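Here is how the chains run, residue by residue.
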Amino acid sequence: MAEAVVASLPDEFRAQMGDIVLRVEDFATPEQLAAVDLDDKWELSGLYEGEALPDRSIWQSHRMPARIWLFREPLIAEWHETGVRIDDLVRHVVIHEAGHHFGFSDEDMHALEQSAD
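Residues numbered from 1 in each chain as written. Predicted model: local features only at pLDDT ≥ 70, side-chain atom pairs only at ≥ 80, totals over all residues. Heavy atoms only, no water.

Points about the overall build of the chain
Step number 1: If you tally the helices and strands in the chain, you get 6 helices and 3 strands.
Step number 2: Along the chain direction, N to C, the helices and strands of the chain fall in the order α-α-β-α-β-β-α-α-α.
Step number 3: A burial count over the chain gives 33% of its 117 residues as buried. (Helix = DSSP H or I, 4+ residues; strand = E, 2+ residues; numbered from the N terminus. Buried < 20%, exposed > 50% of the residue type's maximum accessible area, 1.4 Å probe, protein only.)

Quick notes on helix H5 (residues 86–102)
Step number 1: Helix length check: H5, at 17 residues, gives a terminal C-alpha distance of 25 Å against a target of 24 Å (1.5 Å per residue), a fit within 8%.
Step number 2: The first or second residue beyond H5 is Gly-103, which carries a positive phi of 75 degrees. (Expected span 1.5 Å × (residues − 1).)

A look at the packing of helix H4 (residues 72–82) against H5
Step number 1: With their axes 9 Å apart at the nearest point, H4 and H5 run at an angle of 130 degrees to one another. Relative to H5, H4 is oriented oblique. Here H4 runs over H5; the crossing is right-handed. Between H4, through Leu-75, Ile-76, Glu-78 and Trp-79, and H5, the contact on the second element is made entirely by Ile-86, Leu-89, Val-90 and Val-93.
Step number 2: Along the lines of polarity and charge, the residues of the contact of H4 with H5 split into 7 nonpolar, no polar and 1 charged. (Axes fitted to C-alpha atoms, helices over the stretch in contact; angles between N-to-C directions. Parallel < 35°, antiparallel > 145°, perpendicular 65-115°, else oblique. Left-handed = near helix turned anticlockwise from the far one by under 90°. Contact = heavy atoms within 4.5 Å. Nonpolar A, V, L, I, M, F, W, Y, C, P; charged D, E, K, R; others polar.)

What about the environment of Ser-45?
Step number 1: Looking at where Ser-45 falls in the secondary structure, it is placed in the loop between helix H3 (30–35) and strand E2 (46–49).
Step number 2: On the basis of relative accessibility, which here comes to 16%, the residue Ser-45 falls in the buried class.
Step number 3: Along the backbone, Ser-45 and Val-90 are 45 residues apart, and their C-alpha atoms lie at a distance of 8.9 Å.
Step number 4: When neighbours within four sequence positions are excluded, Ser-45 is seen to be in contact with Trp-69, Leu-70, Phe-71, Pro-74, Leu-75, Glu-78 and Val-93.

Some details on unusual backbone geometry
Step number 1: The phi torsion at Asp-37 lies on the positive side, around 55 degrees, for a residue other than glycine.
Step number 2: Secondary-structure assignment places Asp-37 in the loop between H3 and E2.

Some words on the confidence of the model for the chain
Step number 1: On average, the chain scores 86 in pLDDT, and the residues at 70 or more come to 87%.
Step number 2: Averaged pLDDT values over the elements of the chain bottom out at 73 in helix H6 (residues 106–115) and peak at 97 in H4. (pLDDT = per-residue confidence, 0-100.)

Quick look at the sheet that holds E2
Step number 1: Spatial strand order, E1-E3-E2: 3 strands in an open sheet with mixed pairing. Among the strands making up the open sheet, the edge pair consists of strand E1 (21–25) and E2. If you compare each strand with its neighbour and ignore which way they point, the axes differ by 20 degrees on average.
Step number 2: Here 5 bridges tie E1 to strand E3 (residues 67–71), and the two strands are oriented parallel to one another. Bridge pairing in E3 links Val-21 to Arg-67.
Step number 3: Its contacts with the sheet put H4 on E1 and E3, and the angle it makes with E3 is roughly 50 degrees. (Pairing = 2+ DSSP bridges.)

See the structure below:
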C-alpha cells in the first residue's frame, strides 16, 4: 500500500523520493518514540527519519538514506477505532511523512495529499 501511494504522487515529487526507504514494523522503537516526545507505542503510526531536502547541503556526502516508517499495529488500531479504510490511513501517513522529506508545512502536506491520484 505504501509503495502504491508513492507511485501515485505527482512526478515532480516522486522523482525526488528515489532514495527514501519505506519500512513497516509493528511498533516504533523506544528511541523513535522519544525522538517525537511520545511514550505510548500506540500513538505513533508513522515517522520520517532523515534530513529534509531544503536542509541538505551539496557538501554533505555518505549519509544514510531517509526513511519513512509505518507502524502496523497503531494503523490497524486506528482503522478499527475510526472505520476509515486502511488504505486511506496508509495514504495519509505516507504523504504526511513524505511532506517532512520536502520540508513542507501541514498545509503543504494537505495540498500534496489532495493532488495524489
